[in-house]
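Listed below, chain by chain, are the residues.
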Amino acid sequence: MRRRATDFRRPVRRRLSCWILVLLVLFSIAGFGLFIIQHNHRDVDRVEQPVLEINPRIDRAVHENRNFTEEILSARSYARQLAEQMTLAKAYVIIAKEHNNLHLAWELSTKIRSCQLLLSKAAKREDPITPEEAEPIIKSLSSLIFKAQDAHYDVATTIMTLKSHIQALEERANAATVQSTVFGELAAESIPKNLQCIDIKLTFNWLQDKSIEELANERRNSPRLVDNNLYHFCIFSDNLLAVSVVVNSTISNAEHPKQLVFHIVTNGVKYGAMQAWFLGNDFKGAAIEVQAIEDFTWLNASYSPVVKQLLDADQRKYFFESLPDVSAEHKFRNPKYLSLLNHLRFYIPEIYPQLEKVVFLDDDVVVQKDLTPLFSLDLHGNVNGAVETCLEAFHRYYRYLNFSNPLISAKFDPQACGWAFGMNVFDLVGWRKENVTAKYHYWQERNIDRSLWKLGTLPPGLLALYGLTEPLDRRWHVLGLGYDMNIDNRLIETAAVVHFNGNMKPWLKLSIGRYKTLWEQYSNQSHQYLQECVTS
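Within every chain, residues take consecutive numbers counted from 1 along the sequence as written. Given that this is a predicted model, residues contribute local features only at a pLDDT of at least 70 and side-chain atom pairs are listed and counted only at 80 or more, while totals for whole chains, interfaces and linings are drawn from all residues. Derived side-chain values reflect all non-hydrogen atoms in the structure, with water molecules and hydrogen atoms excluded from consideration.

Structural notes on the overall build of the chain
Put simply, DSSP marks the helices as runs of H or I at least four residues long and the strands as runs of E at least two long, and each gets a number from the N terminus on. Tallying secondary structure elements over the chain gives 22 helices and 9 strands in all. Burial status follows relative accessibility: with a 1.4 Å probe on protein chains alone, a residue under 20% of its type maximum counts as buried, one over 50% as exposed, and anything between as partly exposed. Put simply, the chain has 536 residues, and 44% of those count as buried. In the chain, once contacts between residues fewer than 6 apart in sequence are set aside, the share between residues at least 24 apart is 74%. Throughout, the Shrake-Rupley method with a 1.4 Å probe supplies accessible areas, and for residues the shown protein chains are the sole cover considered. For the chain, the accessible area works out to roughly 30,100 Å², and carbon and sulfur atoms hold 55% of it. What makes two residues a contact is simply this: any of their non-hydrogen atoms within 4.5 Å.

Some words on the confidence of the model for the chain
For every residue, the predictor reports its confidence as pLDDT, a number between 0 and 100. Across the chain, pLDDT averages 82, with 76% of residues at or above 70. This stretch, residues 1–13, has a pLDDT under 50; its non-local contacts, to residues over four places away or in other chains, come to 2 contacts. Across residues 324–328, confidence stays below pLDDT 50; counting only partners more than four residues off in sequence or on other chains, it has 1 contact.

Looking at the side chain of S109
Residue placement: S109 occurs in helix α5 (residues 102–125). Among the polar contacts made by the side chain of S109, one reaches the main-chain carbonyl oxygen of A105 at a distance of 2.8 Å. Nitrogen and oxygen atoms within 3.5 Å of one another constitute a polar contact, given that in protein one can donate a hydrogen and the other can accept it, and given that sequence-neighbouring residues count only through two side-chain atoms.

So, the sheet that holds strand β7 (residues 423–427)
Should DSSP find at least two bridges between two strands, the strands are taken to pair. One open sheet holds the 7 strands; their spatial order is β3-β2-β1-β4-β7-β6-β8, and the pairing between them is mixed. In the strand order of this sheet, the two ends are held by β3 (287–292) and β8 (469–471), each with one partner. Adjacent strand axes in the sheet meet at a mean angle of 25° when their direction is disregarded. Pairing of strand β2 (residues 260–266) with β3, which is carried by 6 bridges, proceeds in the parallel orientation. Paired with V265 across the two strands is Q291, which belongs to β3. Packing of helix α10 (residues 240–252) onto the sheet brings it into contact with β1 (231–236), β2, β3 and β4 (357–361), and relative to β2 it is tilted by some 175°. A fitted line through C-alpha atoms represents every axis, and for helices the fit uses only the stretch in contact; the resulting angles, taken between N-to-C directions, go from 0 to 180 degrees. Docked against the sheet, helix α11 (residues 268–280) engages β2 and β3, running at close to 165° with respect to β3.

Comments concerning the nonpolar core
By nonpolar core we mean a set of buried residues, namely Ala, Val, Leu, Ile, Met, Phe, Trp, Tyr and Cys, connected to one another through side-chain atoms within 4.5 Å. Membership of the largest hydrophobic core comes to 66 residues, with the highest contact counts inside it found for V247, F262, F278, L361 and L371. Ranked by residue count, the leading element in this core is α10, at 8 residues. Setting aside residues no more than four positions away along its own chain, V247 makes contact with I235, F262, I264, F278, F283 and I288. Counting 44 residues, the second largest nonpolar core, distinct from the first, contains F360, I408, W431 and W453.

Looking at the state of the cysteines
Disulfide: a pair of cysteine sulfur atoms within 2.5 Å of each other. A complete count under the given rule lists 2 disulfides for this structure. Two residues, C197 and C533, share a disulfide whose sulfurs are 2.0 Å apart. Measuring handedness by torsion sign, the sulfur bridge of C197 and C533 sits at about -70° and is left-handed. Of this pair, C197 sits in helix α8 (residues 193–208) while C533 is found in helix α22 (residues 528–535), placing the two residues 336 residues apart along the sequence. Grouping residues by exposure puts C197 and C533 together as buried. Linked covalently through their sulfurs, C390 and C417 form a disulfide whose S-S length is 1.8 Å. Across the S-S bond of C390 and C417 the torsion is about -95°, and the bridge reads as left-handed. One end of the pair, C390, is in the loop between β6 (384–386) and α15 (397–400); the other, C417, is in the loop between α16 (406–409) and β7, with 27 residues separating them in the sequence. C390 sits in the buried class, given a relative accessible area of 18%.

Description of the packing of aromatic side chains
We call Phe, Tyr and Trp rings a pair once their centres come within 6.5 Å, taking the six-membered ring for Trp, and we label the pair stacked below 30 degrees between planes, edge-to-face above 60, and tilted otherwise. This structure, assessed with the given rule, holds 22 aromatic pairs. With centroids separated by 5.3 Å and ring planes inclined at 35°, the aromatic side chains of F278 and F283 adopt a geometry described as tilted. Residue F278 is classed as buried on the basis of its relative accessible area, which comes to 4%. Summarising the aromatic geometry, the rings of F412 and Y466 are spaced 4.8 Å apart at their centres and angled 75° between planes, so their arrangement reads as edge-to-face. Remark: Y466 occurs in the loop between α19 (458–464) and β8 and F412 occurs in the loop between α16 and β7; sequence separation between them is 54 residues. Of the aromatic side chains, those joined through ring pairs into one cluster are F236, F296, W298, Y303, F346, Y347, F360, W419, F421, F426, W431 and Y440. When the ring centre of F421 is taken as reference, the NZ or CZ atom of R345 above it lies at 4.7 Å. Two thresholds decide whether a charge sits over a ring: the Lys NZ or Arg CZ must be within 6 Å of the ring centre and within 35 degrees of the ring normal.

Here is the structure:
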């Protein structure tokens, strides 16, 4: 086929190039026109934001199937638009105040209050916000926001201002957290007025009625107190009602209450009230012994390093002087650590030299099952039977002890599993054989400067009973009812002992209501003094 001459193809190319050029010019003109229109539209929109058009019938039908929380989260609702504008307006109020534009801040605050009022009315009546209600506020608030944007409050200024306010709020939040912790500790340390009232009434009875003292003297030498065929429980506390709940709950769930013996040690101030209470009430034939710690004359500073430390002036100064560092953990300065009753658990073999096995109970526990099977458990040559608490990492040895000290790191495994005080089986024969109390003294003497651990009885217990603890089934002892609000109900129901460890004790107003009935059912609310002191 013969090709056409080149002069026939050149004119076609020229015509095609002309058409392309014309089209490009037209597109450019159209694009420029659209840009101008859009720019003008944006300017109008900045002054008056268009309210999202919503079909009232459709919106009302949808609203009937959701609550106000869902309503305000819906992108199609007026409530959502108002909430978002209100948030932005609040930011501009702060910025306007920073720039001393108080009039604009006042105008924005007024509209914010109007917005809040409308939202609260809608929440109360449980109806959606109507266009007639929303549009005036949305338009006026949009106008003020544009006014704020136009008043040199650019994005950079807004970000820097908000950052500084966020930092200030974080500092205030941290200070409030520390303060709430301190207040919580103070509330936990305090004794409610009704408990003080009961103590006073019972102490008066003890001093006035000599027959109670005579009865106490008669029972002091009862052979049941040293009979190893019976089941012996130890409780050391100055909280009468708490001890009473422990005793009541243990007896109520025991198959043979008459075989139970309770050994209670308190201080001299509460001794009379304790005696009057336990001698004046029926405990189903269980034997109850009450002693005052002041009668243990052998427990003195020359024998016990912890007594010497508790009497030390620097130690008391550490507890009672104001804290220079607010970040310091307030719980470690709790005056309860100055109570020798807290350390008495390490002297049980000496307090009861004729006993072979005991169950130690804290005063903030409630017993829900028969505990006598604990006495027949095989501890496999160990001294302490306890429930381990290492399901979480923070309950291992390294969380309680200072492993940077070579005295600790050379002898103990930092990953060793911790365990709990509060419900423990102690083999006193094995205790004496292993000389656990002497080990406790050894570690206390080396922690005078609190370099091995902070405070408390658990860290020295972990050291003195290292390699001598038999882990028990978790159901014997469930912890956390004094701070954890989300314990599984099934775990609580199957527990033999539930422990209110933490600040939210069941006898305080700040207790967790969900668990409080577990404790109250054993508190003998029908007692005359309890009723009188609650209403006084």
